[in-house]
Amino acid sequence: MLNGVEIEDLVKKLKRIKSRLEDALDGYDVRYNLEDAVADLEKIIRWLEDKRWT
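Residues numbered from 1 in each chain as written. Predicted model: local features only at pLDDT ≥ 70, side-chain atom pairs only at ≥ 80, totals over all residues. Heavy atoms only, no water.

Enquirer: What's the story with the side chain of D36 in this structure? I'm lost.
Expert: The residue D36 is located in helix α2 (residues 30–52) in this model. On the basis of relative accessibility, which here comes to 15%, the residue D36 falls in the buried class. For D36, the residues in contact, after removing those within four places along its chain, are R16 and R20. (Helix = DSSP H or I, 4+ residues; strand = E, 2+ residues; numbered from the N terminus. Buried < 20%, exposed > 50% of the residue type's maximum accessible area, 1.4 Å probe, protein only. Contact = heavy atoms within 4.5 Å.)

Enquirer: How should I be thinking about unusual backbone geometry in this particular structure?
Expert: Note: most peptide bonds trans; most residues except glycine with negative phi. If you check the backbone angles, D29 has positive phi at about 40° while not being a glycine. Here D29 falls in the exposed class, since its relative accessible area comes to 58%.

Enquirer: It is not clear to me how α2 should be interpreted in this structure. Could you clarify?
Expert: Along an α-helix, residues three or four apart share an orientation, since each turn contains 3.6 residues. For α2, spanning 23 residues, the distance from its first C-alpha to its last is 33 Å, which sits close to the expected 33 Å at 1.5 Å a residue. All buried positions along α2 are accounted for by N33, D36, A37, D40 and I44. On its buried face, α2 is in contact with α1 (4–25). (Expected span 1.5 Å × (residues − 1).)

Keep in mind that these numbers describe shape and distance, not what the molecule does.
Okay, structure coming up:
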């Protein structure tokens, strides 16, 4: 289970990803923003997978 601090951190990271995707949709540095968003999602997925076992 996630604690309050972990949830806040996850929300911040998801908002950053959302911002990157919106920038890509608006045509700003599309490749960079998409690659950055994917990298952040991969980190979140690994972190959540690790949390599943603790």
